[in-house]
There are 2 protein chains.
Amino acid sequence: MMPGPLEGIRVLDLTTMVSGPVATMMLGDQGADVIKIEPPAGELMRNVGIDNRGMTSSFLCCNRSKRSLCVDLKTPEGLEAVRKLVATADVLVQNFRPGAIDRMGLGEGTVRAIKPDIIYVSISGFGETGPYADQRVYDPVIQALCGLADIQADRDTGRPRMVRTIVPDKTTSVTAAQAITAALFARERTGQAQHIRLAMLDTMVAYLWPEASSALSFVEREADPARGQMGLDLVYETKDRYITAGAVTDREWQGMCRALNREDLLEDERFKTASARFQHVAERREITSAEILKWPADDLLKRLKAEDVPCAPILGRRELLDDEQVRMNEIIEVHDDPTLGPVRQPRPAARFDATPAEVRSMAPFLGADNADLMAELGYTEDEIAGLTDRGVLHRRPPA
Amino acid sequence: MMPGPLEGIRVLDLTTMVSGPVATMMLGDQGADVIKIEPPAGELMRNVGIDNRGMTSSFLCCNRSKRSLCVDLKTPEGLEAVRKLVATADVLVQNFRPGAIDRMGLGEGTVRAIKPDIIYVSISGFGETGPYADQRVYDPVIQALCGLADIQADRDTGRPRMVRTIVPDKTTSVTAAQAITAALFARERTGQAQHIRLAMLDTMVAYLWPEASSALSFVEREADPARGQMGLDLVYETKDRYITAGAVTDREWQGMCRALNREDLLEDERFKTASARFQHVAERREITSAEILKWPADDLLKRLKAEDVPCAPILGRRELLDDEQVRMNEIIEVHDDPTLGPVRQPRPAARFDATPAEVRSMAPFLGADNADLMAELGYTEDEIAGLTDRGVLHRRPPA
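A. Molecular detail of the overall build of chain A. Looking only at helices and strands, chain A features 16 helices and 14 strands. Taking the principal axes of the C-alpha coordinates as reference, chain A spans close to 85 × 55 × 40 Å. Going through the 399 residues of chain A one by one, you find that 53% of them count as buried. Contacts spanning at least 24 positions in sequence make up 69% of the contacts within chain A whose residues lie at least 6 apart.

Structure follows, in structure tokens:
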């Protein structure tokens, strides 16, 4: 396996659920040595999803390219082992509720005393103070506060709607991975270490703003941010499936008219210019919807493509596995794991031509790397066996 | 202003619209010297959004913390100037359709001959080959192909729905910023330069997978990925506004019953355990919805909070500006710009305690930095004036 861009970096991952784990997984795919530290019961996500010999699909998809150390931090010996590990690490990431990590004996001060130049990362839902700071983080609560549920509100009733995938969690992951990488770059160049704090709420407000809230930018000249989101509901029904198609420019509109055999619309004053089409959007949608419904999807998509009108079938998640573009891009890989059998995973999206990011391993079973990691820290086989007997270390092999 | 983590890095930004510009804006906020290179007409986004003296809100929100060089690349003199700039750059980012950048004379080979260790970045919609590669990129087309419209499908009718914010564009931005930063780290450590290729489609498949498609991971043991997304529709109507509230654990459920003055439900066998509640989700939602509707939001949110039930009002985008948590986190800043007046912008989400990321400047007017940048490259004032007269350089000052 070729070295990734983060080769040589060691990350201690004390995070749970999604926002933290997916962030460190990205770093692991890029070659960092990510060590997931879990309590004897394992983290909660090990109980979520489809079970395969004791490995669940949800845990797997948030924790590949990592090693696992399962250690009871409530024992002095367990804490001591992790502190030894801290001395070897470049990054520590935690997403407990504010204050918890200090009570666990791994607060920034303690950690920095052991490893002065560590990048210390705290991911939270709402920040470290404020009315929500101590509330348990559910993705819908962030969606509610950050404006996402407002963006998705039903056009007719105004009733807010949630997005049915955990955009706040996952956007926080990518944002955290970027920030950690930037801090590693700065440290490499200047020796400067630091603490990065990232709240999901802040992440989402910043993420949504450039387009969804930009209308609020000029103070005293604000406009309704919901205006202009019309174009995004381009879902059409054909004879046999749903598709999307968009005709924004004059050329695209003309192409759509030809594809639909409705050249008569080319001369229709209501649709001749972009602004006229915007003004008569309801009539236009009614006409195009009715025409599109007359065609089988394959035929129509071919005709639209031939006219350079952007279009695509709306794919289900199973279907996309077989889509020609998805296959050509080799987005979905099948890894033949000796324990789990064939496992589908998306490859890391960014293709580095010199230091590839790749799925380096499936997620580890609980405590799979206890012995290796403890040996790296200088523990003898006997000591490791003793710690295991006393329940300080724990291991749950495949079922 | 304190140096950011990417201080000392120069990025040539040849991108347009959102995916590329927001990526380089993040790098600019983190202290990179981002130079946006635009044709004499300016990029398209300069025409989108609310106009303020010739600066639009949409352009502003995707292009702050950058400088602007407006140059006609179709002239030999213009191309020559940009090639001189290439020699000073660490990163070049472009998101033209496949092949276009080569025809412009700034393909990877040409650029690398001038600056061998540059990080060359190509962002695309669908990748460089395949049935969609040459199609114009509209966000809904990516949403259709990547599974997002499927995720958002109406539960009753199965009709797919788009998410009404451009998640593919913006997720690609953050993913690109992370990849670029990782490549900069690798180059800093090993001297290795490279080409990063990132497709929006790949980005979205990888982004959605950990939770929305994880059920497809184990080959031959797949489950319906739509199962388990139920929890995300937690929108309730109170007497006076919409809120969200979630009761997942036994304690949270019990807390919700008490907050609603429905202690009788504590003994209801249909809701006693998490699995029983999952089984009777429809009845439970019906009962809680009816109860919640009896309360004014403020009162009920206080009661739910007192019982440790995660909850929040569902905020509109204007409203969130005044939310107490948003204010305490100082997410939204107001910058007093001498030309534009007071401008609201979200601060960069990640807080670095040693090398802060911050909004370093508003977006530049077209060609605002022509003179400075050309002088840095060694052009004399006369030469710059001549290039301006001949239309090679162009500048559009505030109206």
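B. Quick peek at the environment of Met45 of chain A. Residues and elements named next belong to chain A. Position of Met45 among the secondary structure elements: in the loop between strand S2 (33–38) and strand S3 (51–52). The exposure class assigned to Met45 is buried, which follows from the 22 C-beta atoms found within 10 Å. Put simply, Met45 and Arg344 are 299 residues apart on the chain and 18 Å apart in space, counted from C-alpha to C-alpha.

C. Just the interface of chain A and chain B, in detail. Each partner contributes residues to the interface: chain A has 127 residues there, and chain B has 127 residues. For the side of chain A that touches chain B, the element with the highest residue contribution is helix H8 (residues 167–190) of chain A, accounting for 16 residues. Here the side of chain A that touches chain B is composed, by residue class, of 74 nonpolar, 32 polar and 21 charged. Across two bridges, the pairing between strand S8 (residues 195–199) of chain A and strand S14 (residues 351–352) of chain B is antiparallel.

D. Just the nonpolar core, in detail. By size, the foremost hydrophobic cluster in this structure holds 244 residues, and its most contacted members are Val91 and Ile180 of chain A together with Val91 and Ile180 of chain B. Those residues within four positions of Val91 of chain B in sequence are excluded, and the remaining contacts are Ile9, Val11, Leu12, Ile118, Ile119, Val121 and Ile180 of chain B.

E. Here's a closer look at the relation of the copies chain A and chain B. In the superposition of chain A on chain B (RMSD 0.0 Å, axial shift 0.0 Å), the rotation amounts to 180°. The symmetry that links the two subunits is that of a two-fold axis. For chain A, the residue whose C-alpha comes nearest the rotation axis is Gln178 of chain A, separated from it by 2.1 Å.

F. Region of the structure containing the sheet that holds strand S14 (residues 351–352) of chain A. Judged by pairing direction, the sheet is mixed, and its seven strands sit side by side in the order S14(A)-S8(B)-S7(B)-S6(B)-S1(B)-S2(B)-S5(B) without closing on themselves. Since the sheet does not close on itself, it has two edges, and those belong to S14 of chain A together with strand S5 (66–70) of chain B, each with one partner. Bridge analysis of strand S2 (residues 33–38) of chain B against S5 of chain B gives five bridges, and the strand direction is parallel. By the bridge assignment, Ile37 of chain B is partnered in S5 of chain B with Leu69 of chain B.

G. The arrangement of the pairing of strand S7 (residues 119–124) of chain B in detail. Residue and element names in this part refer to chain B. The buried fraction of S7 amounts to six of the six residues, a majority that puts the element mostly inside the structure. Taking every second residue as pointing to the same face, both faces of S7 are buried, with Ile119, Val121 and Ile123 on one and Tyr120, Ser122 and Ser124 on the other. Sheet analysis places strand S6 (residues 91–94) next to S7, joined by four bridges and oriented parallel. Opposite Val91, over in S7, you have Ile119 as the bridge partner. The pairing of S7 with strand S8 (residues 195–199) spans five bridges and is classified as parallel. What sits directly across from Val121, in S8, is Ile196.

H. Spotlight on the packing of H8 of chain A against helix H9 (residues 200–213) of chain A. Residues and elements named next belong to chain A. At a minimum axis separation of 9 Å, H8 and H9 run at an interaxial angle of 90°. Between H8 and H9, the angle is such that the two are roughly perpendicular. Contact residues: Pro168, Asp169, Thr171, Thr172 and Thr175 in H8; Met200, Thr203, Met204 and Tyr207 in H9. Among the residues forming the contact of H8 with H9, the class breakdown is four nonpolar, four polar and one charged.

I. Layout of the sheet that holds strand S10 (residues 242–245) of chain A. In space, the three strands of this open sheet follow the order S9-S10-S11 (chain A), with antiparallel pairing throughout. Either end of the sheet is taken by a strand with one partner, and the two such strands are strand S9 (236–237) and strand S11 (311–313) of chain A. With two bridges joining them, S9 of chain A and S10 of chain A adopt antiparallel strand pairing. Bridge assignment links Tyr236 of chain A to a residue of S10 of chain A, and that residue is Ile243 of chain A. Its contacts with the sheet put helix H6 (residues 139–146) of chain B on S10 and S11 of chain A, and the angle it makes with S11 of chain A is roughly 15°.

Rules behind the numbers
Residue positions are given per chain, counted from 1 along the sequence in the order it is written. For naming, the first written chain is A and the first written ligand is 1, with later ones following in the order written. This being a predicted model, a pLDDT of at least 70 is required before a residue's local features are given, and a value of 80 or more before pairs of side-chain atoms are given or counted; all residues contribute to the totals for chains, interfaces and linings. Secondary structure elements follow DSSP: runs of H or I no shorter than four residues count as helices, runs of E no shorter than two count as strands, and numbering proceeds from the N terminus. Around each residue's C-beta, the other C-beta atoms within 10 Å are counted; 20 or more make the residue buried, 12 or fewer make it exposed, and counts in between make it partly exposed. All C-beta atoms are placed from the backbone. We call two residues in contact if the C-beta atoms placed from their backbones are at most 7 Å apart. Under the convention adopted here, Pro, Cys and the residues Ala, Val, Leu, Ile, Met, Phe, Trp and Tyr are nonpolar, Asp, Glu, Lys and Arg are charged, and Gly plus all remaining residues are polar. When DSSP finds two or more bridges between a pair of strands, those strands are recorded as paired. Nonpolar core, as used here: buried Ala, Val, Leu, Ile, Met, Phe, Trp, Tyr and Cys residues forming one set through C-beta atoms within 7 Å. Least-squares superposition of the copies uses the C-alpha atoms of those residues scoring a pLDDT of at least 70 in each of them. Fitted lines through C-alpha atoms give the axes, limited to the stretch in contact for helices. The angle between two N-to-C directions lies from 0 to 180 degrees. Under this scheme an angle from 65 to 115 degrees is roughly perpendicular, one under 35 degrees roughly parallel, and one over 145 degrees roughly antiparallel; angles in between are oblique.

These results come straight from atomic positions and should not be treated as a statement about function.
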